[in-house]
Amino acid sequence: MTPERKIPERRSRKARRTRDTLAQAAFELVLDRGLRNVTVEEIAEAADVDRRTFSRYFPSKEAAALDSLRGDGDRINAALRARPAPEPPLLAYRRAVLDWLADPEAEAWHRRPRIFELLVAAEEEPTLYAVFHHIRVDAQEDSIAIVADRLGVDPRQDIRPAVTVAAGAGALLAAQAAWVRGGRPDALPERVVEAFDALAETAREAAEAREEAAETEASS
């Protein structure tokens, strides 16, 4: 490796460390003191950088505090890409989420210290919840592209990938909300199974209703 190439790589590693340090400082301060009792300046000071450095990495204290959640969408999408091609897309999405939850190296939310507290705070603080929503949307855009590739369609012309991801992500969001409000940090996997089972049952009921309507129309 040439010296010229080593310099950008060192800078990249340093930037990653700085970002991670800021995110960890924001995470801990927000959970220890509450979002409204923490300033950007205090986060920067805890990370031993100045206010300007903070602004190079994050637009707000909310974005810094929630930064650790961004990787989870990437992990779910990596699991989705790895699912067998013949699987129906919604089933593949469900199993990708369950793969993420079961992978000890991925450290899903119920295994990672204080993530439960962070998501409780996001439910209570509108500005935190808004940032969390944007993180989810970014992950879903990638999911749509993956599902479109599995189906061999253009997501700009074919609505099925977006519908599939909206349904699967909606089930995951419902499970996360039930998990947070239920007060049991270890219960996320069962809430996820429950949510996807409810989604499957709703789909079955809708299919049966369509069949009954078609039979009624045919016999009239």
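Residues numbered from 1 in each chain as written. Predicted model: local features only at pLDDT ≥ 70, side-chain atom pairs only at ≥ 80, totals over all residues. Heavy atoms only, no water.

## As for helix 6 (residues 89-102)
Between its terminal C-alpha atoms helix 6 stretches 20 Å, which fits the 20 Å expected from 14 residues at 1.5 Å a residue. The set of residues buried in helix 6 consists of Pro-89, Ala-92, Tyr-93, Arg-94, Ala-96, Val-97, Trp-100 and Leu-101. On its buried face, helix 6 sits against helix 5 (70-82), helix 8 (126-151), helix 9 (160-182) and helix 10 (188-219). (Helix = DSSP H or I, 4+ residues; strand = E, 2+ residues; numbered from the N terminus. Expected span 1.5 Å × (residues − 1). Buried < 20%, exposed > 50% of the residue type's maximum accessible area, 1.4 Å probe, protein only. Contact = heavy atoms within 4.5 Å.)

## Some remarks on the environment of Gly-168
In this structure, Gly-168 sits in helix 9. The buried category is assigned to Gly-168, whose relative accessible area is 0%. A C-alpha to C-alpha distance of 12 Å links Gly-168 and Arg-136, two positions 32 residues apart in sequence. Those residues in contact with Gly-168, other than ones at most four positions away along the chain, are Leu-90, Tyr-93, Phe-196 and Leu-199.

## Side note on helix 5
Across its 13 residues, helix 5 extends 19 Å between first and last C-alpha, which sits within 8% of the 18 Å expected from 1.5 Å per residue. Within helix 5, burial applies to Asp-72, Gly-73, Ile-76, Asn-77, Ala-79 and Leu-80. Down the axis of helix 5, the buried side of the element spans an arc of 155°, and every buried residue falls inside it. Seen from the buried face of helix 5, the exposed residues on the opposite side, beyond 90 degrees, are Arg-81 and Ala-82. Against helix 6, helix 8 and helix 9 lie the buried residues of helix 5. (Arc of directions from axis to C-beta.)

## Quick notes on the layout of surface pockets
Counted as a void, the largest pocket has a volume near 170 Å³. Lining the largest pocket, in full, are Arg-16, Asp-20, Ala-23, Gln-24, Phe-27, Ala-65, Asp-67, Ser-68, Arg-112, Pro-113 and Ile-115. Per-element tally for the lining of the largest pocket: the top contributor is helix 1 (residues 3-33), with five residues. Within the lining of the largest pocket, the residues separate by chemical class into five nonpolar, two polar and four charged. (1 Å grid on protein atoms, 1.4 Å probe; cavity = no way out; pocket = protein on both sides within 12 Å on 5 of 7 lines; lining within 4 Å. Points joined across faces, edges and corners; volume = space filled by probe spheres on them. Nonpolar A, V, L, I, M, F, W, Y, C, P; charged D, E, K, R; others polar.)

## Focus on the packing of aromatic side chains
Per the stated rule, a full pass over the model turns up five aromatic pairs. Between Phe-54 and Phe-58, the aromatic rings sit 5.9 Å apart at their centres with planes inclined by 45°, giving tilted as the arrangement. Taken individually, Phe-54 and Phe-58 each receive the classification buried, so the pair is uniform in this respect. Both rings, one in Phe-116 and one in Trp-179, keep their centres 5.0 Å apart while their planes meet at 75°; by these two values the pair is edge-to-face. Pair noted here: Phe-116 is in helix 7 (residues 115-124) and Trp-179 is in helix 9, with a separation of 63 residues, a long-range link. Across the pair, exposure class does not vary: Phe-116 and Trp-179 are buried alike. Through a chain of ring-to-ring contacts, the aromatic side chains of Trp-100, Trp-109 and Phe-132 assemble into a single cluster. Taking the ring centre of Phe-132 as reference, the NZ or CZ of Arg-136 above it sits at 4.9 Å. (Phe/Tyr/Trp six-rings, centres within 6.5 Å; stacked < 30°, edge-to-face > 60°. Lys NZ or Arg CZ within 6 Å of the ring centre and 35° of its normal.)

## Quick word on the pattern of salt bridges
Between side chains of opposite charge, a pair can form when the charged atoms approach closely. Tallied over the full model, the rule gives 23 salt bridges. Between Asp-20 and Arg-16 there is a salt bridge, with its nearest N and O atoms 2.6 Å apart. Of this pair, Asp-20 and Arg-16 both sit in helix 1, four residues apart, which is roughly one turn of the helix. Taking the relative accessible area as the measure of exposure, Asp-20 reaches 38% and is therefore partly exposed. The class for Arg-16 is partly exposed, based on a relative accessible area of 41%. Of the charged contacts, one joins Arg-160 and Asp-158 as a salt bridge, the two residues approaching to 2.7 Å between their closest N and O atoms. (Salt bridge = Lys/Arg side-chain N within 4 Å of Asp/Glu carboxyl O.)

## Examining empty space enclosed by the protein
Here the structure, examined in full by the defined rule, presents one cavity of 30 Å³ or more. In this structure, the largest cavity spans a volume of roughly 240 Å³. What lines the largest cavity is a set of 18 residues, and nearest its centre among them are Gly-73, Ile-76, Arg-136, Ala-139 and Leu-172. Contributions of two or more residues to the lining of the largest cavity are made by helix 5, helix 8 and helix 9.

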